[in-house]
Amino acid sequence: GLYVSGVIEPGLTVLQSEHHISLNHCRRLATGSILIPSDRTEAWAKGIYLGFKGEVFEATHILVPQVENWLRWLLQSSGYDTIVREKDGTDVQMSMETLLAHPAMKDMLIEGLWYELSYLFLDTHGANLRNSLLHGLLADDEINTSHLYSFWHLCFRVVMLSQQLEHEPIDS
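Residues numbered from 1 in each chain as written. Predicted model: local features only at pLDDT ≥ 70, side-chain atom pairs only at ≥ 80, totals over all residues. Heavy atoms only, no water.

Helix and strand content of the chain: 9 helices and 2 strands. Helices and strands in the chain line up, N terminus first, as α-α-α-α-β-β-α-α-α-α-α. When each of the 172 residues of the chain is scored for burial, the buried share is 40%. Partitioning the intrachain contacts of the chain with sequence separation of at least 6 by distance along the chain shows that 65% fall at a separation of at least 24. (Helix = DSSP H or I, 4+ residues; strand = E, 2+ residues; numbered from the N terminus. Buried < 20%, exposed > 50% of the residue type's maximum accessible area, 1.4 Å probe, protein only. Contact = heavy atoms within 4.5 Å.)

See below:
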């Protein structure tokens, strides 16, 4: 929508023209974020890097499963169980929909982030991004849509929320 075409895309254009953002820069950002599980920093870095290159379709393929894992990690880190027992007795991990609907999740995420995630993943009038992506429902004309840019920008903000970078600046 308007935010993507008026803010995110022009911002990416300026960053791409004025800075050389490498995969190593993105690795440092992901590693420096206390919000990213330590065993997932490489995938987050690659997804963020691809977005900086304007390859949001590819970035989304990497980042959607990482966000689902991240929500699970947030709940587990706070002592909540993310395993659900099915009627047949098998244990399965909570779905993204169940993770987002968990009563504690709304309080764990900063204001607005829960609403954005819900719009992108749960809302019937929203992007339905996870299901569209994982079930092959994204057509060629949807590869660079505002939903994908919005999702990538949300992931970039998550990485930037709590940086612990105490070494040289990113531009060096």
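This part is about the packing of aromatic side chains. Throughout the structure, instances matching the rule amount to 6 aromatic pairs. Both rings, one in W44 and one in W70, keep their centres 6.4 Å apart while their planes meet at 75 degrees; by these two values the pair is edge-to-face. Separated by 26 residues along the polypeptide, W44 in helix 3 (residues 41-52) and W70 in helix 4 (residues 56-77) bring together distant segments of the chain. The interplanar angle of 0 degrees and the centroid separation of 5.6 Å between the aromatic rings of W152 and F156 together place this pair among those described as stacked. Of the two residues, W152 and F156 both sit in helix 9 (residues 146-161), 4 residues apart, roughly one turn of that helix. An identical accessibility class is assigned to W152 and F156; each is buried. The rings of F52, W152 and F156 are connected pair by pair, giving a single aromatic cluster. (Phe/Tyr/Trp six-rings, centres within 6.5 Å; stacked < 30°, edge-to-face > 60°.)

Turning our eyes to something else, we now look at the pattern of salt bridges. Summed over the entire model, instances satisfying the criterion amount to 8 salt bridges. The closest approach of N and O atoms between K53 and E55, which form a salt bridge, is 3.7 Å. Here the residues in one salt-bridge network are R27, E42 and K46, joined through shared partners. (Salt bridge = Lys/Arg side-chain N within 4 Å of Asp/Glu carboxyl O.)

Moving on: the packing of helix 4 against helix 7 (residues 113-121). Between helix 4 and helix 7, the shortest axis-to-axis distance is 13 Å and the interhelical angle comes to 130 degrees. Here helix 4 lies oblique to helix 7, going by the angle between them. In the packing of helix 4 onto helix 7, the handedness of the crossing is left-handed. Residues V64, V67, W70 and L71 of helix 4 pack against L113, L117 and F121 of helix 7. (Axes fitted to C-alpha atoms, helices over the stretch in contact; angles between N-to-C directions. Parallel < 35°, antiparallel > 145°, perpendicular 65-115°, else oblique. Left-handed = near helix turned anticlockwise from the far one by under 90°.)

Another point: the nonpolar core. Looking at soluble globular proteins, one finds that nonpolar side chains tend to be buried together. The biggest cluster of nonpolar side chains holds 44 residues, and the ones touching the most others in it are W44, V67, W70, L71, L117 and F121. Not counting residues up to four positions away in its chain, the partners in contact with L71 are M96, L99, L100, M105, L109 and L117. (Core = buried A, V, L, I, M, F, W, Y, C linked by side-chain atoms within 4.5 Å.)

Attention shifts here to the confidence of the model for the chain. Counting all residues, the mean pLDDT for the chain is 85, and 89% of those residues have values of 70 or more. Across the chain, the element-wise mean pLDDT spans from 66 in helix 1 (residues 2-18) up to 96 in helix 3. (pLDDT = per-residue confidence, 0-100.)

With that settled, the discussion passes to helix 7. Those residues of helix 7 that fall on the buried side of the exposure criterion are L113, W114, L117, S118, L120 and F121. End-on, the buried residues of helix 7 take up no more than an arc of 165 degrees, which puts them together on one face. The inward-facing, buried residues of helix 7 abut helix 4, helix 5 (96-101), helix 6 (105-108), helix 8 (129-134) and helix 9. (Arc of directions from axis to C-beta.)

Turning next to helix 3. Taking 1.5 Å of rise per residue, the 12 residues of helix 3 would be expected to cover 16 Å, and the 16 Å separating its terminal C-alpha atoms lies within 8% of that figure. For helix 3, the full list of buried residues reads T41, W44, A45, G47, I48, L50, G51 and F52. Where helix 3 terminates, the next one or two residues include G54, which has phi positive at roughly 85 degrees. (Expected span 1.5 Å × (residues − 1).)

Turning next to the side chain of S22. Structurally, S22 can be placed in the loop between helix 1 and helix 2 (23-32). A distance of 3.3 Å separates a polar side-chain atom of S22 from the backbone nitrogen of N24. (Polar contact = N/O pair within 3.5 Å; in protein donor to acceptor, adjacent residues only side chain to side chain.)

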